[in-house]
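One-letter residues, chain by chain:
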Amino acid sequence: MQDVLLRAQNLKKVFRSGDSDLVLFENLSFQVQAGEMLAIVGESGAGKSTLLHILGVLDSASEGNVYFAQLDLGELSEEDAAEFRSRELGFVWQFHYLLPEFTAVENVAMPLLMRGGNRREAEQQALHWLQEVGLTDRASHRSGELSGGEQQRAALARALVTRPKILMADEPTGDLDNRTADMVFNLIAKLHRDYRLTSLIVTHNLGFARRCDRVLRLERGRVVEVSPQSLLA
Ligand SMILES: Nc1ncnc2c1ncn2[C@@H]1O[C@H](COP(=O)(O)OP(=O)(O)OP(=O)(O)O)[C@@H](O)[C@H]1O
Ligand SMILES: [Mg+2]
């Protein structure tokens, strides 16, 4: 089929809490093909966010490796990891983390400015992405004035403005009502297709997971692949 873009090999994560060790998962191995939309599901506390942080080089594994194409991410210095994240990855979290006093366009342009981009070009790109998420008419509103769904759409625009290869989302609809959640998920799915992204989406919403190409379930320290169709909508 296509190329393997991301490969997790024998990942283990242990958190030390007091005198005891919490082994969150062990021997976790899986691959993500370029272009796939992958859901990661599992009970609260199963380690989904921790796994996403490791895949996104925001945290390190206790053992094992993550490869992006041929690149071993565990080998990157902190500086190179930051550079890698800003070049190849876009993140969306449950909470939008926009800066409320800045306008939508300023928020979306920020990742480009932070990597030294020219303001005019950065704002042009930001406007393009605000259009993609249907927020053209909100571009000059302060993000604190936007609704929850609009803020999450702006956060999605901010994640994609740098043209990442991989979109990583942790409960991107977790803080939204059902209708707004549907809207934001549909938008993620559309942009995933239109921009040929590879997307990793942690979600509690099995209806959304069902619509992904593949579903990985974290349970009892293991990862199990389940068929999307087997999930109840
Ligand atoms: N920095 C840390 N130090 C110690 N324990 C941690 C740390 N981060 C997470 N944990 C523990 O690891 C477990 C998994 O946490 P994680 O946030 O990955 O779960 P999750 O599957 O994302 O859960 P949820 O669905 O509630 O978001 C939890 O029991 C949590 O308390
Ligand atoms: Mg979590």
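Treat the numbers as computed from the prediction; the structure is a model and nothing was measured.

Draft legend 1. Fine view of the sheet that holds strand β10 (residues 222–226). Within the open sheet, the six strands sit side by side as β6-β7-β8-β3-β9-β10. Their pairing is mixed. Of all the strands in the sheet, just β6 (89–92) and β10 have a single pairing partner and so form its edges. Taking the axes of each pair of neighbouring strands and ignoring which way they run, one obtains an average angle of 20° across the sheet.

Draft legend 2. Broad picture of the environment of Met183. Structurally, the position occupied by Met183 is in helix α6 (residues 178–194). Sequence separation between Met183 and Thr173 is 10 residues, and the spatial gap between their C-alpha atoms is 9.2 Å.

Draft legend 3. Up close: helix α5 (residues 148–160). An ideal rise of 1.5 Å per residue puts 18 Å on 13 residues; α5 measures up with 19 Å between its terminal C-alpha atoms. Within α5, 11 of the 13 residues are buried, which leaves it mostly tucked inside the rest of the structure. Of all the residues in α5, the buried ones are Glu150, Gln151, Gln152, Arg153, Ala154, Ala155, Leu156, Ala157, Arg158, Ala159 and Leu160. Each element contacted by the buried residues of α5 is listed here: β6, α3 (104–114), α4 (119–132), β7 (166–170) and α6.

Draft legend 4. Quick peek at the site of ligand 1. Around ligand 1, the surrounding shell consists of Phe15, Ser17, Leu22, Leu24, Gly42, Ser44, Gly45, Ala46, Gly47, Lys48, Ser49 and Thr50. Only β1 (4–17), β2 (20–33) and α1 (48–55) provide two or more residues apiece to the shell around ligand 1. Considering every element that reaches the shell around ligand 1, the biggest residue donor is α1, with three residues. Within the shell around ligand 1, the residues separate by chemical class into four nonpolar, seven polar and one charged.

Draft legend 5. Molecular detail of the sheet that holds strand β5 (residues 71–72). With antiparallel pairing, the four strands of this open sheet are ordered in space as β2-β1-β4-β5. For this open sheet the edge positions go to β2 and β5, each flanked by a neighbour on one side alone. Note: β1 against strand β4 (residues 63–68), five bridges, orientation antiparallel. Across the sheet, Leu6 pairs through a bridge with Phe68, a residue of β4.

Draft legend 6. Up close: the packing of α5 against α6. Contact pair α5 / α6: the axes reach a minimum separation of 10 Å and the direction vectors enclose 20°. In terms of their interaxial angle, α5 and α6 are classed as roughly parallel. The hand of the α5/α6 crossing is right-handed. Facing α5, whose interface residues are Gly148, Gly149, Gln152, Arg153, Leu156 and Leu160, α6 presents Thr180, Met183, Val184, Leu187, Ile188 and Leu191.

Rules used throughout
- Note that residues are indexed from 1 along each chain, following the sequence as it is written.
- Chain letters start at A and ligand numbers start at 1, both assigned in the order the entries are written.
- Whole-chain, interface and lining totals are the exception, using all residues; otherwise, since this is a predicted model, local features are given only for residues with pLDDT of at least 70 and side-chain atom pairs are given and counted only at 80 or more.
- When DSSP finds two or more bridges between a pair of strands, those strands are recorded as paired.
- Segments assigned H or I by DSSP are reported as helices when at least four residues long, segments assigned E as strands when at least two residues long, and all are numbered from the N terminus.
- Lines are fitted to the C-alpha atoms to define the axes, a helix being fitted only along its stretch in contact, and any angle between axes, read from their N-to-C directions, falls within 0 to 180 degrees.
- Helix span, expected: 1.5 Å multiplied by one less than the number of residues in the helix.
- With C-beta atoms placed from the backbone, a residue counts as buried when 20 or more other C-beta atoms lie within 10 Å of its own, as exposed when 12 or fewer do, and as partly exposed for counts between those limits.
- Contact between two residues is assigned whenever their backbone-derived C-beta positions fall within 7 Å.
- The C-beta atom of each residue is placed using the backbone, and any residue whose C-beta lies within 6 Å of a molecule or strand is treated as near it.
- Gly is placed with the polar residues, together with every amino acid not listed as nonpolar (Ala, Val, Leu, Ile, Met, Phe, Trp, Tyr, Cys and Pro) or charged (Asp, Glu, Lys and Arg).
- Should an angle fall under 35 degrees it is called roughly parallel, over 145 degrees roughly antiparallel, and 65 to 115 degrees roughly perpendicular, with every other angle called oblique.
- Two helices that cross are described as forming a left-handed crossing if the nearer one is turned anticlockwise from the farther one by less than a right angle, and a right-handed crossing if clockwise.

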